[in-house]
Every structure is written in structure tokens, then in C-alpha cells.
Amino acid sequence: MNGHTKRASVRPSAPSTSSSTNRQTLSQLAKATRVASPMSLAALRTTTIIDSKPFLPAEILTMILDYLPIPDLIHFGRTSRRMQEMVYEDTRWVQKLKMMGVWNEAEARARIEEAVRRKLEAQKIEEGKARPGHARVGSVNGSLTGGGGTPPTRNRQGSITLFDQGWEEQKRYPIIRPPGGSQADGDGFTDALFTPAPAQTSVVQNIDHEASLTILKRVRSVRGHARQEYGKVYAALAPFYYDLVRSRSHADPVVFRLYRDPEQQAQMLTQLRIFAKADITEGWNQRENTLESMIGVFENAVLREFEQGYEANDIERMRKYAHVLVALNGGAAAVDLYIHNHRILQEKDKLGNPLACLVDQQPGQLDLMAIHNYFQRLSLAFNEESGRMEQIFPPTVDVQLPLLDRASDEIVSEYITTLFDEVHQTTIESYLKVVAAVYQQCLQFAESLRPAAGSQSADFHTKVMEILNRSFESHIDLYLQEELDFFRGKSSAQVQTWENKLSEQEASDETYYMSNINRAAQKRDFMASFKRVVMLPVNAVQTIPFAGGAKAAPSVEPSRSATPVPVEGFPQQHNDLYVSSRPVRMEAAPTTELAAKAALMNSKLEGINTLFSLEVALSLVHAAKASIERAALFTRLGAQSGEEAKEQCQAIFVELLQILGFRHIKPGFDKAVGHLSSYNAREVNHTDVSSGVRPLVTFLELVNVGDLIQQMVDVFYATELVSPHLSDRDDFLDPAVKEKKRFEQMLDERVAAGLNKGIDVLMDEVEYVCATTQSPDDFNPLSPADIEKVFMDIGPTATATAVVTLVSQHTSMLVGSADKNMLDVFNQEVGLRLFTAITKHLKRQRISTAGAIKLIADTNHYATYIATLRNKELAAYFRALREVSQIFLIEGKDAKEIATIVADGDKYAGIFRAEEVLEFAERRADWFAIRSAVEKAMYGMNCVVM
């Protein structure tokens, strides 16, 4: 080291405190100048001597020490105690151990924590043993001796010395003695550290060779002892290291002469490579290259031996040199050589033909068993090799997964690419089936593999699938797009086929019914026939026998027994999904145009439940199920490809709802509502009123089918998308959830619209039943026999019974197929419309006192039925109607009583005003006889009726 020396100078300054040397100098100068003058003495007193020494900053010295060779570093520490402190600094040696990768910071921290814990426990024990009067002294002594501090001593007066500075400094910074000293330094560095280079061989001979092979494994991570640990490593490896880097050929290094076993040679070379990482002194690059060159020569020689054993199929020889290569550098070269020459890769053609599934097959057909056999042979080959790998390689080396990775690139990828490209040119459906089948076989192949000893782990099969998944990444985008396009095209084609067959059926019906019509001859008679049919209810009221008379307008009605039965479950799939469910035409074709029109309308009404088909819906759901299950397999790809497969499954479900709901169900409901709107009860021959209103019955059957389809969609969504975690029903932004809600909303709207029209049709039928079945003698019996019959049978009339049966039959059909809110609204609307129809019907009748019994029975029958609907508002209406019927039971001579009932508004709970009750009173058979008396009585009660 070169320092800079400042020249000494003397200059006056203020008095100040100086070092002991300065004080001695001043005292000598004072003795020499005792005879000097007072002025000279004053000048000397104000003189300060500036001490000048050569020095460098500590930071620069520390950096220099980092690059010193170990012998020079130790010699430097001998120069002074301060230099020794810098050399012995623990962080310097910790850094060297870290560079070699043998320092464990967690272990070092745990050791410190354990030492602190033990020290605190020892102090507590000592404090507990100390007497109360000497607790403080014992505590101090215990902390010093128990913690490795200064041992207590006694001075001449016999007092205890608690702290000896000299002893502490000697303990902390022991003086390094030169070689040959009487006392070992104990820091791990031996006399070999200072041995000249030519004499290193003799030093190597004195080293414990067996212990040197594992010296790095025995390094401890202890704070404050890093120098000692590194010294042990240096003493064991440095002689071999410097001997090897000075060698000129591979025969010169002493490591190859002392260790004859190749595996031991590999272990020592591996340790020397690690030891060289801490060598950062001058010339380190050249020494590292020499070491790597020597290791490369050794590795090539061992690798040749391994290859010769592989060619000779000598398992024992392969095992020996595989272990040597593993000890040298992990055995990567041996693994690469083993995989490169492996028979599975060299004889991959023996596994089978990729196109075997297409051989001897009809177009569009596949032999999936050929794919299964191919992957089964591949699985057997790998499982056989796993045992051979265990015999050759140590259990710490994974050979199976690298071999599988190579096989995936050269065998599986080539297989699937060849097969997929060929099948894609045939049919898309076959392509989709092949892609899913091959991936399914890959999953089974991964599960069937038996992990070798070096590959055993909890996620072995997951790693296998990650390797195999890479073979599908280049095909997944095309497959997913083809899957969605295929489902969309196939579903649209099925719906279009259904619509075409429906149109053909309707055209066939119209042609059949109009086949016997001579339009020219019948055109003149059309209006007359039409008027008779339209006016049928009015004529029936005026002339009762007309309804069943021989002169009634002819009409044709198919047999009620041929009406389609509502579907109660999933139908069995037939080869032809579009078999018509219409009744077979057994009757002769109509002979008049009006009869043909009526028959055609009946045909449309009977076919209303064929406007959309449960079989078509089931077929679409099956197609969506197949597509989603195929696409869902690829969610196992993970990452972006797996997410795309998940999104495509949702897209298929969305496409299903759009085609099923808006292409199939919605048009069917719209047509059904249109047919209901065109229904006219007067144009249809009613042979059995109890069978219900045909258009409404068939529409309700259609509602049942729609509800069944909705339930089927719910089950499908929960099973195919929610359970496999392809969709989250609680995520309102999920495309599948949004489309499902849209589908359900559309279905509810169509059902509501149909029910609205259905109520109109039902009320038309009610009015028709009332007009055609209510006899004038029911409420106004004239003959004594009829009056006696009324008193003998006080039950409701046939008309009331028919109306209640008709309405209850249709309202009960919605139970279970519509939600409660919609059902309550429907029942309330039906009840109100029924009340209006009955009120209007009663105002057309003539009611006598004797006939009032039947009227009261009818109103009670209506009220009893309405009570079953459990609607308080409706019940109030029919209770008011029942109260009104009491007017007809009063004799005509009691006009004042009749007027009282008419004027009592509270009696009808606000349902009827007095004017409306009076209208009912006017339907009394004796009204013209009692009118003046009733009006007079009402006038007397100040009840003015406008």
C-alpha cells in the first residue's frame, strides 16, 4: 500500500488537549528551554505539533480486501489489530459462503433466536438460585460467565473484577500466529494455507479425502463463525483447486490420482466448481475456464461409457455412469442421450396408423376404437420404460417427464395433426367427434401412466396433462369455432325442417278440405249460409229446436278423441323427429265452402300444439349437450385456451336459447294467439260442452309444453353449465345468465298474451253456452208441471253447471304450468269477466217467483266455485249477485219490500248501484203489474232512480 505523508510543521494556536505523545514532546521542549526568555516560553506554550501518518479511507481498504487472495488476506490481518478487525469482519466471510450457495440465512436466524432464548432461560435460573441480598451481583456474574463473557477475578485487595478489557479484546481478536506456532488458531485455516505452490501435493496427501467429498454439505450457517466455516472449506478444497487449474493435461490433477472411483471424482469436481464461485481474485476467469475444460473432458469420457452401455443394453454399466453424471452436474447429458436414442421415439411407426379410424369406414363414420388402441399401446410402452428408468437413474432424476415431453412433440402432435387435417376434409361432425375423442384418450393416457421413482409427485398427472395440452393449442381455436358453427347450422336446419313440414301440412289440410268445393256454384249461396251460422246463438234463443234441428248449417268437426294428449314427460326420440301429431282425417271432405272454412279452422285449432314441438326442443337440447360436453373437455387446457373453451360453452348455450326461443317457440305462440283471435264460437259445432273450449284447451296444452321446455332448459343449465363451473348463476353479467333471463321473459310475455286472448275465447264460449242451453222455462215456468218440477229439483240449472264446469276446467289446467302471480291474475280476470257475462245473461231472462228458486241455486253455485279460487275481491262480487237474486223471490204484492231491497246500497257492498239493481227487478215476470207500486214505494223512501 502506498500512503501520502504530510510534512510536519509548527504553528501557533490556542491551547488544546493533545495526545500523550504531544504531551511528552511539550514536556521535553519545556525542559530544554528552561533558561529561555519569557517570550520564548510563551511561544512554546502556544505551539501545536501536527502528527502526520500515512493512511487510506476504511472504505477503500475494505474494497481492496475483497479482492485479495486468502493467504494475502490473512497476512494483511497480522499487520495490526485494526487490520485484523477488518479481515475478521463476519459479513466478509458470509458473503463468500453465499457466493458458493452454502449459506442458509433462515438457519442462521434460527440459531441466533435459539441462543438468545437459552441465554434468557439461564439468566432466569441463576436469578432464582441467587440469595436476596446478592441478587444483583449474581445476576451480573451470571450474565458475564453464562453468556461467554469475562470470568470474574480478584485483585490484591480481594475485591471481585467484573470486567477485564484486555481479556475481552484477546478473546474477540485472537492474534494469528505464524506457521509452526505452539497453539492452533482454531479458525479452520491450517498451515497448508501458507505452503508454497510446489509443496501443495504433500499437503493434499495429508487431507482427509473421504471428509473432503462432503465438506460443502457440512457447512453450518452460524453468525460470528462464518470465517471458521469458510476456513474448513478452504483447507479441504483449495489444494485440489489450485493443483487442478495449474495442470496442463487431464492426467496431471491430483484429484484423479487420489480418487480412483469415477463417482468420487465427479463429486470432487462438482465441489471444486462450487468453490470456484467464491474466487474473485486476479486471474479468476482463466482459472474458471481451465476448471470447466477439465470437467468437460471428464464428462465426455463418462458419457461415452454410458452410450456404449446403452448400445450394449448393459443396465449395470448404464446405471454406474448415469450416477457419475448425476453427481457431476445433475445428469442432464445422460438424460438427453437416453431420450434421443429411446426406442419409443425411434420406433414410433409401430404404434399405429393415425388414419386407422377412417379405414374401411363409410363417409361420416369413424372407428373410435382405433384411437383408443393407439393410445393404449403408447401407455403400455411408457409404463414398461418407467421400470427401466428406475434401474438406470437415481430416484432424484426425473427422466419420464422429459421423455414424455419429447414424445408429445414428435409422436402425439404428429398423430393428431395428421388425423385432424384429414378428417376436417370429410365432414365437420366427424372432425368434432375426432378432436373430442382424441383429447379424451389423452386424458385417459395421462391417468394410466405409472410415475417412475424420479417423477413421483402429487401433481404428476397434472404435469403430464400440461405437456399433452401443448399439442392441442394450435388446433383449439379452429375446433371451438367449428363447434359453434356446427351447432348453429344444425339447430337452424332442424327448426327450418319443422317449419317446412308444418307449412306442407297446413297446405295439405286446405287442399283436402276445399277439394270438393265448386267455387263458382257455391259462391252465390255463401252469404246466406254464413249469416245462418253467424246468427246461430240468436236463433237458438228464439227457436230452441234450431240448435239440434236437421236444418242447421252443416259443419265438419274432427273427432274429439283424436285431440293430441298433453305431453307429461320427455318423449322417446324417433328416427323421424317431425312426425305430425295431428289427428288422421277419417271423415269425408266438406261439400260447401263455408263447411270447408269451418273444418279448416278446426284443423288449425287442433294443430295449435304442433306450432312448436317438444321433440324438436329435446333434439336441440341434445345437440347442445353434445357440443358443450365436447367443448368443456378443453377447459382443462387452462390459461387462455381453457378460458376460450369456457366462453364457447356459454356461447353454445346462448345460441340454443336464441334458436329454441326466438326461432321456434315465439313464432309458435304468435301463431297460436293469432288463431285464438280468429276463433268464433258461433262457427263451431258444439257437441260436447264438457270437453271445453277447444282453442283454449289446446293453447293451454301449448302452455304446458312451453313450461316443460322451460323446466328442461333450467335442468340443462344447472347440469351442463353450473355444475361443471362453466357459468355462475349469480353473475348477472354472465352471457348465459343474461340470455336465460331473456328467454324466460319472452316465454312469460307470450303466455300472458295468449292467456289474454284465451280469456276472450272462454268468455265467448260462456256466452254461447248461456245462450244455447238456458231454457226460458228455467227461470219462468208457466205450466203447473214445470212449477212442480222446480220445487222437486232445487239444484242449479244445466246452464250454470255447464258454465262452472267449463271455466273450472280451463283454470285448473294452468295449475303447475304457470307461476303463482300469473295464475292469480288469470283467475281474477276470468272471475270478473264471468261475473259480467252472467250479469248480462240474467238481464236477458224473464224470472218469475217460482223460477227464483233456480236463479238462487245458480248464483249460489257460481259463488261456491268462485270461493275455490280464494280471491276475496271476486267473492264479494258473487255475494252481491246472490243478494240481488233475492228480489225475485218476493211476491208481487209486497212492492214496498222489493223497493227496500232495491234501495239498500249497503246490501251489495258497493258492487251494484240502485239503478243496476232496478234493472234486475225489471226482469221479473210480473214487473209491468207491480212497476207503479215499486216506483211509488221508492219515491216514498226518497230514492230517485234515473
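Residues numbered from 1 in each chain as written. Predicted model: local features only at pLDDT ≥ 70, side-chain atom pairs only at ≥ 80, totals over all residues. Heavy atoms only, no water.

The subject of this paragraph is a nonpolar patch on the surface. Taken together, the side chains of Leu56, Ile60 and Ile64 present a nonpolar region at the surface, about 220 Å² in accessible area. Within the element layout of this structure, Ile60 appears in helix α3 (residues 58–66). Taking relative accessible area as the criterion, Ile60 reaches 40% and is therefore assigned partly exposed. (Patch = residues over 30% accessible without salt bridge, like charges linked within 9 Å, V, L, I, M, F, W, Y side chains within 5 Å. Areas by Shrake-Rupley, 256 points an atom, 1.4 Å probe, with all protein chains shown as cover. Salt bridge = Lys/Arg side-chain N within 4 Å of Asp/Glu carboxyl O. Helix = DSSP H or I, 4+ residues; strand = E, 2+ residues; numbered from the N terminus. Buried < 20%, exposed > 50% of the residue type's maximum accessible area, 1.4 Å probe, protein only.)

Taking 1.5 Å per residue as the helical rise, helix α7 (residues 105–129) with its 25 residues ought to reach 36 Å, and the 37 Å between its terminal C-alpha atoms agrees with that figure. Residue Asn104 occupies the N-cap position of α7, its side-chain oxygen lying 3.1 Å from the main-chain nitrogen of Ala106. (Expected span 1.5 Å × (residues − 1). Polar contact = N/O pair within 3.5 Å; in protein donor to acceptor, adjacent residues only side chain to side chain.)

A few words now on the packing of aromatic side chains. Counting across every chain of the model gives 28 aromatic pairs. With 6.1 Å between their ring centres and 40° between their planes, Phe240 and Tyr259 make a pair best called tilted. In this pair, Phe240 is assigned in helix α12 (residues 226–245) and Tyr259 in the loop between α13 (255–258) and α14 (262–275), connecting sequence segments 19 residues apart. Residue class for Tyr259 comes out buried when judged on its relative accessible area of 1%. Aromatic side chains Phe382 and Phe445 sit 6.0 Å apart centroid to centroid with 75° between the ring planes, which places their arrangement in the edge-to-face category. Highlighted residues: Phe382 in helix α19 (residues 368–392) and Phe445 in helix α21 (residues 428–448), separated in sequence by 63 residues. This pair shows no difference in class: Phe382 is buried, exactly as Phe445 is. By the ring-pair criterion, three or more aromatic residues cluster together here, those being Trp93, Tyr230, Tyr234, Tyr241, Tyr242 and Phe275. Across the ring face of Tyr88, the terminal group of Arg227 is positioned such that the distance to the ring centre comes to 3.8 Å. Sitting above the plane of the Phe920 ring, Lys843 keeps its charged end 5.2 Å from the centroid. (Phe/Tyr/Trp six-rings, centres within 6.5 Å; stacked < 30°, edge-to-face > 60°. Lys NZ or Arg CZ within 6 Å of the ring centre and 35° of its normal.)

Moving on: the side chain of Gln650. The topology assignment puts Gln650 in helix α29 (residues 639–677). The class for Gln650 is buried, based on a relative accessible area of 9%. Of note is the side chain of Gln650, whose polar atom sits 3.4 Å from the side chain of Asp734. The contacts of Gln650, once residues within four sequence positions are left out, are Leu721, Leu726, Ser727, Asp734 and Pro735. (Contact = heavy atoms within 4.5 Å.)

A few words on the packing of helix α34 (residues 798–813) against helix α36 (residues 852–868). Relative to each other, α34 and α36 sit at 10°, their axes nearing to 10 Å. Compared by their axis directions, α34 and α36 come out roughly parallel. On α36, the residues that touch Ala800, Thr801, Val803, Val804, Val807, Ser808 and Thr811 of α34 are Asp858, His861, Tyr862 and Tyr865. Split into classes, the residues belonging to the contact of α34 with α36 amount to six nonpolar, four polar and one charged. (Axes fitted to C-alpha atoms, helices over the stretch in contact; angles between N-to-C directions. Parallel < 35°, antiparallel > 145°, perpendicular 65-115°, else oblique. Nonpolar A, V, L, I, M, F, W, Y, C, P; charged D, E, K, R; others polar.)

Right, let's get into the pattern of salt bridges. Applying the stated criterion across every chain yields a total of 43 salt bridges. The shortest N-O distance in the salt bridge between Glu655 and Arg488 comes to 3.1 Å. A residue pair is termed long-range when its members are at least 10 positions apart, and Glu655 in helix α29 and Arg488 in helix α23 (residues 473–513) qualify at 167 residues. The exposure class assigned to Arg488 is partly exposed, which follows from its relative accessible area of 31%. The shortest N-O distance in the salt bridge between Lys843 and Glu919 comes to 2.9 Å.

As a further point, take the confidence of the model for the protein chain. Counting all residues, the mean pLDDT for the protein chain is 76, and 72% of those residues have values of 70 or more. Per-residue pLDDT stays below 50 along residues 29–37; that stretch engages in four contacts with residues further than four places along the chain or on separate chains. When the criterion is pLDDT under 50, residues 133–185 qualifies, and its contacts beyond four places in sequence or with other chains add up to 53 contacts. (pLDDT = per-residue confidence, 0-100.)

Let's shift gears to the packing of α14 against helix α15 (residues 284–311). The N-to-C vectors of α14 and α15 enclose an angle of 155°; their axes lie 11 Å apart at closest approach. When the axes of α14 and α15 are compared, the pair comes out roughly antiparallel. The chirality of how α14 crosses α15 is left-handed. Of α15, the residues touching α14 (which contributes Pro262, Gln265, Ala266, Leu269, Leu272 and Arg273) are Leu291, Glu292, Ile295 and Phe298. (Left-handed = near helix turned anticlockwise from the far one by under 90°.)

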